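Fold and geometry: a report
One-letter residues, chain by chain:
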Amino acid sequence: MQSKKWHVLIVDDEFRIGTLIKKLIHWDELNLDCMAVVDNGGTAFEIIQSESCPNVVITDIRMPKIDGLELIIMTKELQKDMKFIVISGYKEFEYAHQALKYGVEDYLLKPVSEDELNHVLKKISEELSASWQSEQEQRAFKETVSESRHIIKRDFLKNIIETEEPEVVDDRVEFQGEIYRGIDIKLDYVDYNKKDKKQDKLTTSRIEEIVERILKTETEEVLICEKENLHIYCLFNYDFSKSRAIKDSVNDIMMEIKDYLLGFEQYEVTIGIGTERKEFAEIRFSIKEAHRAVGNRIKQGTGRIIYAETIQHDGRTEEGVLTEEWKEQIRTSIESYSVNKLEQCINQVYSEYKIREEMDFSGCYDMAEEIVNYFFDYVEFQQEEENGERKSVISNCQHCYTISGLKHCLKNSLGKFVEKSKEAAEAESVKPIRQARKYMEDHYDEKIVLEDLAEIVGLNPVYFSVLFKKETGINVSAYLLNIRIEKAKEFLCNTNETIAAIGDRVGYKDSRYFSQIFTKQVGVKPALYRKLHS
């Protein structure tokens, strides 16, 4: 169903007539809306020159400064695709002839007939809609074809990256060259606390365009896909004779990306390059090598191209890098709520990377991920998975491009969770005390003993007594006494009840005992207290 409306501009040197023409048009029926009614050609031309120019112009012929024919000629010179209807009170054939020569849709005489005007506008509206619909269909078809091919290539590359066993080559993805090679373009946030997903999308799209444009001149096929944490993977296929040219092309890619990123100052870029592979089954190895190479930016620095063949491989597998000793230290720091112990453990884990130059430094990121996963597996945060804290910390670590920055990220992020855990534990220990205090405040007139309170809050009486005194500074009986005395003071000042009645209201059936307790606590007898404060 057609939803696009066509904009109409009405121009007549007599504004009243322009307004009358506006009233004659069946706007909704013809899928039109009135852009403006103006009384001179100069103002009309300014509107036509603007970005929101009209689709249809209804104009008078005779107007001061710029007449209708001049307005048509000036518009045609701008190459604006616009429909004109000329209206005039003059019957001279030369005006109609000139107007038709410039491609106007129709020439109407004043007084304008409502039926005739709407008939012309209906024809124009239908032509515009048909043309627009055709353009939309052609554009949609081209985009569908282009997007389908892009999706096929992207998903094919994702499948290679994510699965261990290579798949059969999709016949819609052509590999004609002799060599396969993978690269990993990694963007790191200068400050991972200032992420901008909209800007990330624009930036990665621009980088993909740069890569494809530069590589397509030397390669047979280029596949690109983006993965989490701003990794842009690229697999390309070329003839052996192009090896040197490919290296130059990658240098060009780096230079152009750097030039583009100068306008943002929020990203660092590094490119990791896998080794050349001659067999399709080895594609994934080249991509993994590229990923490992780009991980060594944490040692070599960002803003450079790192080739996989220059990286030492220390023989460690990706799993099991966190020793039992370090796991024990992490557990201890969590159990004792000690941020300092956690930080010491992280320092020890990464101390090895400071003294060994021949290591594969991409292991720093594997280590960070294992620390984070072990930490969250051990700490029981009820909303951890729901809120995505684990994923967020791992993501932040992946954007650190120095060892010191990576350690700071781990210490700061996990340290906050240790403190949060400590606060939660403290809040949990205080909860029974709050319950006991509330119970005494609501039931101070009843007989209350330690054992009753302990049972109410579900704690051992001895442990409850120790915990209560730790939190309040006094024991249960003293706390209850304070509540009763404060209530007694309130009743003495605000009521005319007898001393015995007030004593009974605050839990003392024996009025003499109440008077003795009150005098001991306050320093004066109840009757004198009432006299002094009445």
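Residues numbered from 1 in each chain as written. Predicted model: local features only at pLDDT ≥ 70, side-chain atom pairs only at ≥ 80, totals over all residues. Heavy atoms only, no water.

Turning our attention to the nonpolar core. Counting 65 residues, the largest nonpolar core has Ile185, Tyr350, Met367, Ile371, Phe375 and Leu410 as the members making the most contacts within it. Examining the composition of this core, we find that nine residues originate from one element, helix 12 (residues 363-378), more than from any other. The contact partners of Ile185, leaving out residues within four places of it in the chain, are Ile207, Val211, Leu230, His231, Ile232, Ile253, Ile257, Val269, Thr270 and Ile271. Counting 27 residues, the second largest nonpolar core, distinct from the first, contains Ile433, Val476, Ile483 and Tyr508. (Core = buried A, V, L, I, M, F, W, Y, C linked by side-chain atoms within 4.5 Å. Buried < 20%, exposed > 50% of the residue type's maximum accessible area, 1.4 Å probe, protein only. Helix = DSSP H or I, 4+ residues; strand = E, 2+ residues; numbered from the N terminus. Contact = heavy atoms within 4.5 Å.)

Time to look at the packing of aromatic side chains. The description of two aromatic rings rests on the distance between their centres and on the angle between their planes. With the rule as written, the count across this model stands at 14 aromatic pairs. Considering the side-chain rings of Phe468 and Tyr479, the 5.5 Å spacing of their centres and the 85 degrees angle between planes classify their relative orientation as edge-to-face. With Phe468 in helix 17 (residues 461-472) and Tyr479 in helix 18 (residues 476-494), this residue pair connects regions lying 11 residues apart in the sequence. Take Phe468 and Tyr479: they sit in the same class, and that class is buried. (Phe/Tyr/Trp six-rings, centres within 6.5 Å; stacked < 30°, edge-to-face > 60°.)

When pLDDT is averaged across the protein chain, the result is 86; 90% of the residues are at 70 or more. Taken as a whole, residues 381-386 scores under 50 in pLDDT and shows 10 contacts with residues more than four places along the chain or in a different chain. (pLDDT = per-residue confidence, 0-100.)

Glancing now at a negative patch on the surface. Judged by side-chain charge, Glu419, Glu423, Glu426 and Glu471 come together as a negatively charged surface patch. The biggest single contributor to the negative patch is helix 15 (residues 403-442), with three residues. Here Glu426 shows up in helix 15. (Patch = residues over 30% accessible without salt bridge, like charges linked within 9 Å, V, L, I, M, F, W, Y side chains within 5 Å. Areas by Shrake-Rupley, 256 points an atom, 1.4 Å probe, with all protein chains shown as cover. Salt bridge = Lys/Arg side-chain N within 4 Å of Asp/Glu carboxyl O. Lys, Arg positive; Asp, Glu negative; His and termini not counted. Charge placed at Lys NZ, Arg CZ, Asp CG, Glu CD.)

Turning our attention to the sheet that holds strand 10 (residues 305-307). Hydrogen bonding along the main chain pairs the strands of a sheet, whether they run parallel or antiparallel. The strand order across the open sheet built from five strands is 7-8-6-9-10, with neighbouring strands paired in mixed fashion. One side of each edge strand has no neighbouring strand; the edge strands of this open sheet are strand 7 (221-227) and strand 10. Pairwise comparison of adjacent strand axes, ignoring direction, gives a mean angle of 20 degrees for this sheet. As defined by bridge partners, strand 6 (residues 179-189) adjoins strand 8 (residues 231-238) across eight bridges and the pair is classed as antiparallel. Looking at strand 8, one finds that Asp184 is bridged to Tyr233. Sitting on the sheet, helix 7 (residues 243-261) is in contact with strand 6, strand 8, strand 9 (267-273) and strand 10, with an inclination near 170 degrees to strand 9. (Pairing = 2+ DSSP bridges. Axes fitted to C-alpha atoms, helices over the stretch in contact; angles between N-to-C directions.)

Attention now goes to the packing of helix 12 against helix 14 (residues 389-398). One can describe the packing of helix 12 onto helix 14 by two numbers: an axis separation of 10 Å at closest approach and a directional angle of 165 degrees. Considering their axes alone, helix 12 and helix 14 lie roughly antiparallel with respect to each other. For the crossing formed where helix 12 meets helix 14, the hand is right-handed. When helix 12 is examined against helix 14, the residues Tyr365, Ala368, Glu369, Val372, Asn373, Phe376 and Asp377 are found in contact with a partner set consisting of Glu389, Arg390, Val393, Ile394, Cys397 and Gln398. Across the contact of helix 12 with helix 14, the residue classes break down as seven nonpolar, two polar and four charged. (Parallel < 35°, antiparallel > 145°, perpendicular 65-115°, else oblique. Left-handed = near helix turned anticlockwise from the far one by under 90°. Nonpolar A, V, L, I, M, F, W, Y, C, P; charged D, E, K, R; others polar.)

Where burial is concerned, most of strand 9 is hidden: six out of the seven residues are buried. Alignment of strand 6 against strand 9, held across seven bridges, turns out to be antiparallel. Following the sheet pairing, Lys186 is matched in strand 9 by Thr270. With three bridges connecting them, strand 9 and strand 10 associate as parallel partners. Bridged to Ile271 within strand 10 is Ile305.

One open sheet holds the five strands; their spatial order is 2-1-3-4-5, and the pairing between them is parallel. Two strands in the sheet have a free side with no partner beyond their single neighbour: strand 2 (32-38) and strand 5 (106-109). Adjacent strand axes in the sheet meet at a mean angle of 20 degrees, parallel and antiparallel pairs treated alike. The pairing of strand 4 (residues 83-88) with strand 5 spans four bridges and is parallel.

To continue, consider the pattern of salt bridges. Tallied over the full model, the rule gives 26 salt bridges. Note that Lys489 is salt-bridged to Glu486, the shortest N-O span being 3.3 Å. Separated by three residues within a single helix, Lys489 and Glu486 lie in helix 18, roughly one turn from each other. Owing to a relative accessible area of 46%, Glu486 belongs among the partly exposed residues under this scheme. Through salt bridges with shared partners, a single network forms among Arg206, Glu209, Arg213 and Glu256.

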